[in-house]
Amino acid sequence: MRRSLSRIGPDGSNVAIERDIAIETPVALEFNGIGYAVLMATPADLHDLATGFSLSERLVDRAEDILDIDEHRMSEGIVVRVTLAANVADRVLDRVRHRASDSSCGLCGIENLEQAVRPLPSIRTKWRGNDSAIFRALAELDSAQPLNHATRAVHGAALCSEQGEVRLVREDVGRHNAFDKLIGAMLRTHVSWEGGFALLTSRCSYELVEKAVLSGCPMLATISAPTSLAMDHAAAAGLPLRVLARPDAVLAMAT
């Protein structure tokens, strides 16, 4: 989306310019007719977003648990209606009972501590790559983010091979959404991590650790620092973290 802005210089100069601006819109997610969450998101790849969110919220275990996804665009935003299979339908009702309000992160609306920080399983596939792969992925990531290149206002989540090749990227104004979109795209196309890793253009928060573990990611790398809870739960799940990833160095978190 193009918008008119003014470029103001230190000398007081004022020049009218046109600039691409990232679109942010409310996206309401419904599961089997039940309103579940409202996300502030980039209105693209919404089938991927709904699929990845379903896995991250532990509503599904696999893509086949989702029978249908419909998008309905309205003046106020977008409603995404997800139909889940009968064998997982009860999970929606159980989870909704513990949600106090809609939120963008999937945790802010939880009404008790037990539901907010649920135990994570141990990761299934160990990271066996070389950390040099992270630097290759960093070098490739910017060119693989066309929306961010245009706006400088969105996060990216990348599936990287064990050697650091950027295989798949999803973008969104929200860091949680970007990762859910990536995970959802992988589920929908039956693409696995294959010993690779995730590279995220954000800080390393607990929610992102949870999404990585639940998706079977062998290693999580982020360009910003981790939180204490992210480190604790990554260690408990056996998920290797690489944080503050820069072209000249990366920090390794012991697990």
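Whatever comes next refers back to the structure up there.
Residues numbered from 1 in each chain as written. Predicted model: local features only at pLDDT ≥ 70, side-chain atom pairs only at ≥ 80, totals over all residues. Heavy atoms only, no water.

Peer 1: What am I meant to see in the overall build of the chain here?
Peer 2: Broken down by element type, the chain carries 8 helices and 12 strands. For the chain, whose C-alpha radius of gyration is 19 Å, the value lies close to the compact-globule estimate of 18 Å for 255 residues. With respect to the principal axes defined by its C-alpha atoms, the chain has extents near 65 × 50 × 35 Å. Out of the 255 residues in the chain, the part that is buried amounts to 50%. Expressed as a percentage of contacts within the chain between residues at least 6 apart in sequence, the contacts between residues at least 24 apart total 51%. Averaging the locations of the 27 positively and 33 negatively charged side chains of the chain gives two centres separated by 2 Å. (Helix = DSSP H or I, 4+ residues; strand = E, 2+ residues; numbered from the N terminus. Rg over C-alpha atoms; globule rule 2.2 N^0.38 Å. Buried < 20%, exposed > 50% of the residue type's maximum accessible area, 1.4 Å probe, protein only. Contact = heavy atoms within 4.5 Å. Lys, Arg positive; Asp, Glu negative; His and termini not counted. Charge placed at Lys NZ, Arg CZ, Asp CG, Glu CD.)

Peer 1: What is the right way to read the packing of helix H6 (residues 175-189) against helix H7 (residues 206-214) from this model?
Peer 2: Two packed helices can be described by the angle between their axes and the distance between those axes. One way to put it is that H6 packs onto H7 with a least axis distance of 10 Å and a crossing angle of 5°. As judged from the angle between their axes, H6 and H7 are roughly parallel. Here Arg 175, His 176, Phe 179, Asp 180 and Ile 183 of H6 lie close against H7, whose contacting residues are Glu 207, Leu 208, Lys 211 and Ala 212. Of the residues contributing to the contact of H6 with H7, the split by class is 4 nonpolar, 1 polar and 4 charged. (Axes fitted to C-alpha atoms, helices over the stretch in contact; angles between N-to-C directions. Parallel < 35°, antiparallel > 145°, perpendicular 65-115°, else oblique. Nonpolar A, V, L, I, M, F, W, Y, C, P; charged D, E, K, R; others polar.)

Peer 1: Sorry, what's going on with the pattern of salt bridges here?
Peer 2: Note on pairing: side chains with opposite charge can pair once their charged atoms come close. Summed over the entire model, instances satisfying the criterion amount to 16 salt bridges. For Asp 65, the salt bridge is made with Arg 62, and the minimal N-O distance between the two is 3.6 Å. The class of Asp 65 is buried, set by a relative accessible area of 2%. Classification of Arg 62 as partly exposed rests on a relative accessible area of 48%. A salt bridge links Glu 194 to Arg 167, with the nearest nitrogen and oxygen atoms 3.8 Å apart. Remark: Arg 167 occurs in strand E8 (residues 166-172) and Glu 194 occurs in the loop between H6 and strand E9 (197-200); sequence separation between them is 27 residues. A cluster of three or more residues bridged by salt bridges with shared partners is formed by Asp 45, Asp 48, Arg 170 and Arg 188. (Salt bridge = Lys/Arg side-chain N within 4 Å of Asp/Glu carboxyl O.)

Peer 1: Mind showing me how you'd approach the pairing of strand E12 (residues 249-253) here?
Peer 2: Each regular strand carries side chains that alternate between the two faces of the sheet. Sheet topology places strand E11 (residues 241-246) next to E12; 4 bridges connect them, and they run antiparallel. When the bridges of E12 are listed, Leu 241 appears paired with Met 253. Connecting E11 to the next strand, E12, in antiparallel fashion are 2 residues. (Pairing = 2+ DSSP bridges.)

Peer 1: How do you make sense of the sheet that holds E12 when you look at a structure like this?
Peer 2: Paired through their backbone hydrogen bonds, the strands of a sheet run either parallel or antiparallel. One open sheet holds the 6 strands; their spatial order is E8-E7-E9-E10-E11-E12, and the pairing between them is mixed. In this open sheet, the two strands that pair with only one neighbour each are E8 and E12. Neighbour-to-neighbour, the strand axes of this sheet turn through a mean angle of 20°, independent of strand direction. Where strand E7 (residues 155-160) lies against E8, 6 bridges are found, and the strand directions are antiparallel. Across the sheet, Cys 160 pairs through a bridge with Val 166, a residue of E8. On the sheet, helix H4 (residues 132-141) packs against E7, E8, E9, E11 and E12 and is oriented at approximately 45° with respect to E9.

Peer 1: Sorry if this is basic, but what is going on with the side chain of Asp 65 here?
Peer 2: Structurally, Asp 65 is set in the loop between helix H1 (46-56) and strand E5 (66-73). A polar atom in the side chain of Asp 65 sits 2.9 Å from the backbone nitrogen of Asp 61. Non-local contacts of Asp 65, meaning those with residues more than four positions away in its chain, are made with Val 60, Thr 83, Leu 84, Ala 85, Asn 87 and Val 88. (Polar contact = N/O pair within 3.5 Å; in protein donor to acceptor, adjacent residues only side chain to side chain.)

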